[in-house]
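Residues per chain, in single letters:
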Number of protein chains: 2
Amino acid sequence: MANNKKITIAVDAMGGDNAPGEICKGAIEACKKFSDIEIILTGDEFKIQSCLKNFKTSSQIRVVHTTEIIQPDEHPALAIRKKKNSSMRVAMEMVRSGEAQGFVSAGSTGAIVAGGVLVVGRLSGIDRPALGVMLPVIDRPSFMLDVGATVRCSPENLLQFALMGNIYSRKILKVANPEIKLLSNGSENIKGDETVLGARELIRKRENLNFQGYIEGNDIVWGNADVIVSDGFSGNIALKMGEGVVQGLKSLLTDEVRKSFMAKAGLLLMSGVVKKLWTRFNYEKYGGSALLGVNGAVIKAHGRSKAPAIVSAISVARDFVDEDGAQLIRNEIQE
Amino acid sequence: MANNKKITIAVDAMGGDNAPGEICKGAIEACKKFSDIEIILTGDEFKIQSCLKNFKTSSQIRVVHTTEIIQPDEHPALAIRKKKNSSMRVAMEMVRSGEAQGFVSAGSTGAIVAGGVLVVGRLSGIDRPALGVMLPVIDRPSFMLDVGATVRCSPENLLQFALMGNIYSRKILKVANPEIKLLSNGSENIKGDETVLGARELIRKRENLNFQGYIEGNDIVWGNADVIVSDGFSGNIALKMGEGVVQGLKSLLTDEVRKSFMAKAGLLLMSGVVKKLWTRFNYEKYGGSALLGVNGAVIKAHGRSKAPAIVSAISVARDFVDEDGAQLIRNEIQE
């Protein structure tokens, strides 16, 4: 940190499948890990305090009571507009007013995106926001955007995603000259539809971008790109498909091992390796997706987040605020 | 088989990464497995005969010499139009003329789709074709279409895919009342873009379809649907992402086990279970994708197909011809 001022992060305590318990636990753990942060938990004060009393009190945490909750099946923009006293909207208002610098929620993706645009505010020069996430890959980490903010994109949207991903990779992830690739249905130049072909031409022309062409689904896992640009529909499907296959293999392995004594013994001997494998490919570890293109650090945690994923999301928010990610993107776009 | 007439399948011996060696090997093995088929191998006769001489001659195989090959990076429609003596086009002409009933190639997906439409011919009533493939999943098999024939779709295209998938699942895969789902970026009804939302409305209204709403990426692996409908862009990405993650985990496991004696011993004890795991999730086993919506059995094998995947693709072609899949789809669409 450049100065001694603490970073304040507003955390929506009521969002996600494991709220408020795991959210509160994650907030407590994040405060232990980072002494330079303060957390404001928004939500039902009674419920939050019941959760918090299981832990040592932290002077880094305070609670702001709210009365409404945005549900996953509500229309995102309507919910954000109408539920003015929801845990999510109140936390976002804090970012807009400057009371907090960062925001974290495991609630509805749609509502976070809508709130990012309507409450926190879009960066001038950015037409549509993008959710960016670190993917678990074999070699080097890959940052993929968009994974669900903007379901269908124009070539210009995808160009802006490439510019934002480039800045995020360089400044926040400290990658020197990030290789950027565009997600497509094949690696050959003739692949892609009009949108993807159009985006390819636009991105290719930007001399400040180290653009390396298309990437296809089966190459993502090898970490062949620092930044993967995609529309939010396909990016979301790729992310969740990867997550599902890992969970499926894990569950199948557990079931099969249960049936055989030899396999049980084998798994015991291999436990270190297997644990390493699942940790490496734990999609929940990469818990924080940054909503890029809005005027602040808006971080979405996985809906099924438990405490460690919340810590990870808070950590992403902290880094983003620390590097002033929104300002960096604004400068880049204005150039 | 209803009668004693043999099923003739034209196999493009020059398409794919392992052509013509593995294609020829696969053809030989398929003939051993199915006494009711005849195979015509199209391609460079000298090369094909050199491959075939490694095996016992089969009266079920004959070779038709061609002089051209369609490369993966060629423009699909142009290549099909210009290379009249290519192994792929000549094999497809045989389906059109009735000399063969089925076609198999591990060559360029784009060219197979273009040839399916331009040479074999589109079924009347179908606007765009779809490539359908069996996915490796935990519970029951899922048939996903499209995985790469039509990169962007209209709601009407997706409805037609649902109708074709339904027939394929019922008649070829023998599923009694197939559950159909639409691939989207979330399971809630508010998800999806205009195209997917539009398709949802169209499919929902069809009383003969057992439509069950959206499926998201992480649910695919659990086999929660008999038929998964998608545009070719996202479907291709989902398919390849799954394939990539399995390969990645496999490679990581192998590397890690190599480093530890204990883990090596463990793997030995677990070898049965691990083998079962990879076999279950072997995307190459599901080697044949059917191009639905064209006037014949046009089957695409994976570009990296080895002999077993070619056998699998030939088997898909055989089933499709045996059940007269094209005719079934034609009848369904005309209703």
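These numbers come from a predicted model, not from an experiment.

Undergrad: What is the right way to read the overall build of chain A from this model?
TA: Across its full length, chain A carries 13 helices and 11 strands. Relative to the compact-globule value of 20 Å for 335 residues, chain A shows a C-alpha radius of gyration of 20 Å, a close match. Its C-alpha atoms give chain A principal-axis dimensions of roughly 60 × 60 × 40 Å. Counting the 335 residues in chain A, one finds 61% classified as buried. Considering only intrachain contacts with a sequence separation of at least 6, the fraction spanning at least 24 residues in chain A is 71%. Looking at chain A as shown, the accessible area adds up to about 13200 Å², and 49% of this sits on carbon and sulfur atoms. Averaged over its 42 positive side-chain charges, chain A has a centre that lies 4 Å from the centre of its 37 negative ones.

Undergrad: Can you walk me through the sheet that holds strand β9 (residues 227–229) of chain B in this structure?
TA: Strands belonging to one sheet form pairs held by backbone hydrogen bonds; the direction of such a pair is parallel or antiparallel. All names here are of chain B. A sheet is described by the order of its strands in space; here 11 strands give the open sequence β3-β2-β1-β4-β11-β10-β5-β6-β9-β7-β8, paired in mixed fashion. Looking along the sheet, the strands with just one partner apiece sit at the ends: β3 (61–65) and β8 (210–215). Between one strand and the next, the sheet's axes are offset by a mean angle of 25°, whatever the strand orientation. Inspection of the sheet shows strand β10 (residues 288–292) paired to strand β11 (residues 297–301) by 3 bridges, in the antiparallel sense. When the bridges of β11 are listed, Ser289 appears paired with Lys300. Strands β5 (130–135), β6 (142–145) and β7 (179–183) of the sheet are contacted by helix α9 (residues 232–258), whose axis makes an angle of about 135° with β6.

Undergrad: In this structure, what is going on with unusual backbone geometry? I would like to understand it.
TA: Working note: non-glycine residues mostly have negative phi, and peptide bonds are mostly trans. All names here are of chain A. Of note, the bond from Ala19 into Pro20 is cis; its omega dihedral lies within 30 degrees of zero at -5°. Structurally, the position occupied by Pro20 is in the loop between β1 (7–12) and α1 (21–33). A positive phi is found at Lys174, a non-glycine position, where the angle reads about 60°. Structurally, Lys174 is set in the loop between α6 (155–172) and β7 (179–183). For Lys174, a relative accessible area of 55% puts it in the exposed group. The backbone phi angle of Asp324 is positive, close to 55°, even though this residue is not glycine. Relative to the assigned elements, Asp324 resides in the loop between α12 (307–322) and α13 (325–334).

Undergrad: Could you clarify how one ought to interpret the interface of chain B and chain A in this entry?
TA: By a widespread convention, an interface's size corresponds to the accessible area lost as its parts come together. On the side of chain A, 62 residues touch chain B, which itself brings 62 residues to the contact. Summed over both partners, the interface of chain B with chain A comes to about 5500 Å²; 73% of that surface belongs to carbon and sulfur atoms. Inspection of the chain B/chain A interface yields 8 salt bridges. Across the pair Glu256 of chain B and Lys276 of chain A runs a salt bridge, and its minimum N-O distance is 3.1 Å. Where chain B packs against chain A, one counts 13 residue pairs in polar contact (both at pLDDT 80 or more). Its residues assigned to classes, the side of chain B that touches chain A comprises 31 nonpolar, 16 polar and 15 charged.

Undergrad: What is the right way to read the relation of the copies chain B and chain A from this model?
TA: In this structure, two copies of a chain are linked by a rotation about an axis accompanied by a shift along it. Rotating chain B by 180° and translating it 0.0 Å along the rotation axis places it on chain A, where the RMSD comes to 0.0 Å. Here the symmetry operator amounts to a two-fold rotation axis. In terms of C-alpha distance to the rotation axis, chain B has Gly266 of chain B as its closest residue, with the C-alpha 1.8 Å off the axis. When the interface residues of chain B are mapped onto chain A, 100% of them are again interface residues, pointing to one common binding face.

Undergrad: What am I meant to see in helix α1 (residues 21–33) of chain B here?
TA: Residues spaced three or four apart along an α-helix point in a common direction, a consequence of the helix completing one turn every 3.6 residues. Residues and elements named next belong to chain B. Along its 13 residues, α1 runs 19 Å from first to last C-alpha, staying within 8% of the 18 Å computed at 1.5 Å per residue. Taken together, the buried positions of α1 are occupied by Ile23, Cys24, Gly26, Ala27, Ile28, Ala30 and Cys31. Of the surrounding secondary structure, the elements contacted by the buried residues of α1 are β1 (7–12), β2 (37–43), α2 (45–52), β3 and α12 (307–322).

Undergrad: Can you help me understand the environment of Asp127 of chain B in this one?
TA: All names here are of chain B. Examined against the element boundaries, Asp127 turns out to sit in the loop between α5 (109–121) and β5. Measuring from C-alpha to C-alpha, the distance between Asp127 and Ser154 comes to 9.9 Å, with 27 residues separating the pair along the chain. Residues contacting Asp127, with those up to four places away along its chain left out, are Arg122, Asn157 and Gln160.

Undergrad: What exactly am I supposed to notice about the packing of helix α9 (residues 232–258) of chain A against α9 of chain B here?
TA: Each packed pair of helices is defined by two parameters, the angle between the axes and the distance between the axes. The contact between α9 of chain A and α9 of chain B brings their axes to 9 Å, and the two run at 35°. The chirality of how α9 of chain A crosses α9 of chain B is right-handed. Facing α9 of chain A, whose interface residues are Phe233, Ser234, Ile237, Ala238, Met241, Gly242, Val245, Val246 and Leu249 of chain A, α9 of chain B presents Phe233, Ser234, Ile237, Ala238, Met241, Gly242, Val245, Val246 and Leu249 of chain B.

Undergrad: Teacher, can you tell me more about the environment of Val298 of chain B here?
TA: Residue and element names in this part refer to chain B. Take Val298: it is sitting in strand β11. Look at Val298 and you get buried, because its relative accessible area is 1%. For Val298 and Glu22, which are 276 residues apart along the polypeptide, the C-alpha to C-alpha distance reads 19 Å.

Undergrad: Looking at this model, I keep getting lost on empty space enclosed by the protein. Mind explaining?
TA: All names here are of chain A. Under the criterion given, the structure shown has 2 cavities of 30 Å³ or more. In this model, the second largest cavity occupies a volume close to 30 Å³. Asp12, Met14, Gly15, Ile69, Ile70, Ser87, Met88 and Gly107 are the residues that line the second largest cavity.

Undergrad: Which parts of the structure should I look at to understand the sheet that holds strand β11 (residues 297–301) of chain A?
TA: Residues and elements named next belong to chain A. Judged by pairing direction, the sheet is mixed, and its 11 strands sit side by side in the order β3-β2-β1-β4-β11-β10-β5-β6-β9-β7-β8 without closing on themselves. Single-partner strands in this sheet number two, and they are β3 (61–65) and β8 (210–215). Between one strand and the next, the sheet's axes are offset by a mean angle of 25°, whatever the strand orientation. Its contacts with the sheet put α12 on β1, β2 (37–43), β4 (102–105), β10 (288–292) and β11, and the angle it makes with β11 is roughly 165°.

Undergrad: When you look at the packing of helix α11 (residues 271–280) of chain A against α9 of chain B in this model, what are you seeing that I'm missing?
TA: The interhelical angle for the contact between α11 of chain A and α9 of chain B, taken along N-to-C directions, is 145°, at an axis separation of 10 Å. Crossing geometry of α11 of chain A relative to α9 of chain B is assigned as right-handed. Where α11 of chain A abuts α9 of chain B, its residues Val273, Lys276, Leu277, Trp278 and Arg280 of chain A lie against Leu249, Leu252, Leu253, Glu256 and Val257 of chain B. In terms of residue class, the contact of α11 of chain A with α9 of chain B is made up of 7 nonpolar, no polar and 3 charged.

Undergrad: How do you make sense of α2 of chain B when you look at a structure like this?
TA: All names here are of chain B. Within α2, burial applies to Ile48, Cys51 and Leu52. Buried residues of α2, seen end-on, are gathered within an arc of 95° and therefore sit on one face of the element. Where α2 is buried, its residues touch α1, β2 and β3. In this structure Asp44 caps α2, since a side-chain oxygen of it lies 3.0 Å from the backbone nitrogen of Phe46.

Undergrad: Help me out: how do you make sense of the packing of aromatic side chains in this one?
TA: Aromatic ring pairs: the centre-centre distance and the angle between the two ring planes describe each pair. A complete count under the given rule lists 4 aromatic pairs over all chains for this structure. Between Phe143 of chain B and Tyr168 of chain B the ring centres are 4.2 Å apart and the planes differ by 10°, which places this aromatic pair in the stacked class. Taken together, the residues Phe143 of chain B in strand β6 and Tyr168 of chain B in helix α6 (residues 155–172) connect sequence positions 25 residues apart. Taking relative accessible area as the criterion, Phe143 of chain B reaches 1% and is therefore assigned buried. Here Tyr168 of chain B falls in the buried class, since its relative accessible area comes to 5%. Among the aromatic residues, those joined into a ring-pair cluster are Phe143, Tyr168 and Phe320 of chain A.

Rules used throughout
Residues numbered from 1 in each chain as written. Chains lettered and ligands numbered in written order. Predicted model: local features only at pLDDT ≥ 70, side-chain atom pairs only at ≥ 80, totals over all residues. Heavy atoms only, no water. Helix = DSSP H or I, 4+ residues; strand = E, 2+ residues; numbered from the N terminus. Rg over C-alpha atoms; globule rule 2.2 N^0.38 Å. Buried < 20%, exposed > 50% of the residue type's maximum accessible area, 1.4 Å probe, protein only. Contact = heavy atoms within 4.5 Å. Areas by Shrake-Rupley, 256 points an atom, 1.4 Å probe, with all protein chains shown as cover. Lys, Arg positive; Asp, Glu negative; His and termini not counted. Charge placed at Lys NZ, Arg CZ, Asp CG, Glu CD. Pairing = 2+ DSSP bridges. Axes fitted to C-alpha atoms, helices over the stretch in contact; angles between N-to-C directions. Buried area = accessible area lost by both parts, 1.4 Å probe. Salt bridge = Lys/Arg side-chain N within 4 Å of Asp/Glu carboxyl O. Polar contact = N/O pair within 3.5 Å; in protein donor to acceptor, adjacent residues only side chain to side chain. Nonpolar A, V, L, I, M, F, W, Y, C, P; charged D, E, K, R; others polar. Least-squares fit on C-alpha atoms with pLDDT ≥ 70 in both. Expected span 1.5 Å × (residues − 1). Left-handed = near helix turned anticlockwise from the far one by under 90°. 1 Å grid on protein atoms, 1.4 Å probe; cavity = no way out; pocket = protein on both sides within 12 Å on 5 of 7 lines; lining within 4 Å. Points joined across faces, edges and corners; volume = space filled by probe spheres on them. Arc of directions from axis to C-beta. Phe/Tyr/Trp six-rings, centres within 6.5 Å; stacked < 30°, edge-to-face > 60°.

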